[in-house]
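# Report on the structure
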Amino acid sequence: MNGNTEIVNTKEGFLEKFFKLKDSNTNVKTEMVAGLTTFLTMAYIIAVNPSFLSTTGMPKEAILTATCLSAGITTILMGIYANLPFALASGMGLNAFFAFSVCGTMKIPWQIALTAVFAEGIIFIILSVTNVRELVVNSIPITLKIAVSGGIGLFIALVGLEGAKIVVNEDSTLVTLGTFRDPRAVIAVIGIVIIGVLVYKKVKGAMLWGILACTVLSWIYALIIGPAKAAELYEIYLPSEIFAFHGIGPIAGKLDFSVFTYGEGIFTFISVLLTFLFVDFFDTVGTLVGVASKVNMIDKSGKVLRANRALLVDAIGTTMGALMGVSTVTTYVESSAGVAEGGRTGLTAVTTGILFILSMFLAPIFIAIPSCATAPALVIVGLFMMQNITQIDFYDYAEAIPAFLTIILMPLTYSIATGLMFGVIAYVIFNLFAKKANNISPTIYILALIFIIKLAVT
């Protein structure tokens, strides 16, 4: 017994020393629970990414394995190298652009689309090594950093509410309230109550317990009405099996550089590459700034701690992901779920990464976690992300208007990058008008000009 205790203490001592847990006021158990929570809120990508990318002709089984493997390795690297609780995986939105716009509408073969993602990653590695991306992150004014956090909160809450079908599409008003005859909405509301009560009671792992409870409720409902009916009507699936594994051979290393050998195709390729670059760059910047602002990972001068390392990992993830056969790998806003559970160090990320790798072999189970089970966690995390907006002076309109535009446009345009873009432009305009030009750094001027050009040509 004493020998086992010594082994445990030795392991915890190593983790404490390597990740500097005490310096961040956390412990091994908290970090691991946070990592598990982050993983569960991101697990939907294991099902969604193969669904999207398989429309290009890529085999779904290989995509699933590559999705888990690229997310796992990159997230572990984030934890070990940057010591930050951020998780990465193939980005939502970017995977849709890859599948439906590039390969679908533009009829570009998936091999060439992967080449564009690979080129994007190489460019980002160069920008990260030369600290250009870090310069952009740290140049964002503190007001906008806080606003980005709040905007992300609304954005991920909307994602959760949509996943639960509490908010649904309506052509005349864009969105409206869903029906509570839909069991997904009822299950999600129960989950919000469960998590809310546990958070109020300060129960550790509140979001994890909520996700697990809602998953069990979903599976019980599927058994009651019949698995086939639940899958067809409500996209609630029971695990088909426990273990399954498929290789990535059919899609790994299938880059096609032939596009560089003929003139007409190169211009289309460059337009695709620039779109990947723009969206990924500012989505990552927005996520990094927002989550870091929430957990005080910003120093007194307003700089995000270890941002250069985080951005380099993000760039390496994109490059490596393309080689494995998946669309752009990026930092996930769902990392805030683990942060909300107390995750503060890279041990949270390492835990999440290990779970992604293990999920390659347990994919049927993780795929069966429905969106209505993770939705309550996203809604409550949205609340947590909003809390810091009280630090914004909403009576100083040179600060308040850009902040408000940043916050409101993220959910309304379904894009972190767009909210940040309008916030930066407004910040320059209103601070110049208020004769506060000293608040504007040269980098922000350059960004505002780039954003204006982007809006003009879109």
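Per an unreviewed UniProt entry, the protein is named Adenine permease AdeQ, and its organism is Clostridium colicanis DSM 13634. Checking UniProt for the protein, the heading Subcellular location (unreviewed entry) contains the comment "Cell membrane". Here is the UniProt Sequence similarities (unreviewed entry) comment for the protein, exactly as written: "Belongs to the nucleobase:cation symporter-2 (NCS2) (TC 2.A.40) family. Azg-like subfamily."

### Section: the overall build of the protein
A count of helical and extended segments in the protein gives 20 helices and four strands. On C-alpha atoms alone, the protein measures out to a radius of gyration of 22 Å, which is about the 23 Å that the 2.2 N^0.38 rule sets for 458 residues. The principal-axis extents of the C-alpha atoms in the protein amount to approximately 65 × 55 × 55 Å. For the protein, the proportion of its 458 residues judged to be buried stands at 54%. Accessible surface for the protein amounts to roughly 19800 Å². Of this, 68% is attributable to carbon and sulfur atoms.

### Observations regarding the nonpolar core
Counting 113 residues, the largest nonpolar core has F98, F276 and F282 as its most contacted members. With 14 residues, the top contributor of residues to this core is helix α12 (residues 263–294). If sequence neighbours within four positions are ignored, F98 has contacts with L53, T56, M58, C103, W110, A113, L114, V117, F276 and S327.

### Focus on the packing of helix α5 (residues 94–105) against helix α6 (residues 110–129)
At a minimum axis separation of 10 Å, α5 and α6 run at an interaxial angle of 120°. Looking at the two axes, α5 sits oblique to α6. Crossing geometry of α5 relative to α6 is assigned as right-handed. When α5 is examined against α6, the residues F98, V102 and C103 are found in contact with a partner set consisting of W110, A113, L114 and V117.

### Re the side chain of R184
Tracing the backbone through its elements, the reader meets R184 in helix α9 (residues 183–200). Relative accessible area serves as the criterion here: at 9%, R184 is assigned to the buried category. At 2.7 Å, the side chain of R184 forms a polar contact with the side chain of D182. Residue contacts for R184: discarding those within four places in its chain leaves A164, K165, L233, Y234, E235, I236 and C372.

### Notes on a nonpolar patch on the surface
Residues L177, F180, V186, V189, I190, V193, V197 and L217 make up a contiguous nonpolar surface patch of about 630 Å² in total accessible area. Looking at the nonpolar patch, the element that brings in the most residues is α9, giving five residues. Along the chain, the position of V189 falls in helix α9. Judged by relative accessible area, which is 33%, V189 ranks as partly exposed.

### Things to note about the pairing of strand β3 (residues 174–177)
Two strands pair when backbone bridges link them, and strand β2 (residues 167–170) and β3 are joined in this way by four bridges, in the antiparallel orientation. Within β3, the residue paired with V168 across the bridge is T176.

### Notes on the packing of aromatic side chains
Applying the stated criterion across every chain yields a total of 14 aromatic pairs. In this structure, R133 packs its charged tip against the face of F124, placed 4.1 Å from the ring centre. Looking at R133, its charged tip hangs above the ring of F281, at a distance of 5.4 Å from the centre.

### Points about the pattern of salt bridges
Evaluation of the coordinates by the stated rule reveals four salt bridges. Note that R133 is salt-bridged to D314, the shortest N-O span being 3.6 Å. Taken together, the residues R133 in helix α7 (residues 132–139) and D314 in helix α13 (residues 307–324) connect sequence positions 181 residues apart. Residue R133 shares its accessibility class with D314, and that shared class is buried. R184 serves as the salt-bridge partner of E235, at 3.7 Å between the closest nitrogen and oxygen.

### Remarks on the packing of helix α8 (residues 142–163) against helix α18 (residues 397–413)
The geometry of α8 relative to α18 is characterised by a closest axis approach of 7 Å and an angle of 25° between their N-to-C directions. With respect to α18, the element α8 is oriented roughly parallel. Crossing geometry of α8 relative to α18 is assigned as right-handed. For the pair α8 and α18, the contacting residues are T143, L144, A147, V148, G150, G151, I152, L154, F155 and L158 in the first and E399, P402, A403, T406, I407, M410 and P411 in the second. Taken together, the residues of the contact of α8 with α18 break down into twelve nonpolar, four polar and one charged.

### Looking at unusual backbone geometry
The phi dihedral of N25 is positive, around 55°, even though this residue is not glycine. Topologically, N25 is positioned in the loop between α1 (2–19) and α2 (28–42). With a relative accessible area of 74%, N25 lands in the exposed category. One non-glycine residue, K107, lies in positive phi territory at about 60°. Tracing the backbone through its elements, the reader meets K107 in the loop between α5 and α6.

Reading the values: rules and limits
- Residues numbered from 1 in each chain as written.
- Predicted model: local features only at pLDDT ≥ 70, side-chain atom pairs only at ≥ 80, totals over all residues.
- Heavy atoms only, no water.
- UniProt positions renumbered as here; feature names shortened; annotations may be inferred.
- Helix = DSSP H or I, 4+ residues; strand = E, 2+ residues; numbered from the N terminus.
- Rg over C-alpha atoms; globule rule 2.2 N^0.38 Å.
- Buried < 20%, exposed > 50% of the residue type's maximum accessible area, 1.4 Å probe, protein only.
- Areas by Shrake-Rupley, 256 points an atom, 1.4 Å probe, with all protein chains shown as cover.
- Core = buried A, V, L, I, M, F, W, Y, C linked by side-chain atoms within 4.5 Å.
- Contact = heavy atoms within 4.5 Å.
- Axes fitted to C-alpha atoms, helices over the stretch in contact; angles between N-to-C directions.
- Parallel < 35°, antiparallel > 145°, perpendicular 65-115°, else oblique.
- Left-handed = near helix turned anticlockwise from the far one by under 90°.
- Polar contact = N/O pair within 3.5 Å; in protein donor to acceptor, adjacent residues only side chain to side chain.
- Patch = residues over 30% accessible without salt bridge, like charges linked within 9 Å, V, L, I, M, F, W, Y side chains within 5 Å.
- Salt bridge = Lys/Arg side-chain N within 4 Å of Asp/Glu carboxyl O.
- Pairing = 2+ DSSP bridges.
- Phe/Tyr/Trp six-rings, centres within 6.5 Å; stacked < 30°, edge-to-face > 60°.
- Lys NZ or Arg CZ within 6 Å of the ring centre and 35° of its normal.
- Nonpolar A, V, L, I, M, F, W, Y, C, P; charged D, E, K, R; others polar.

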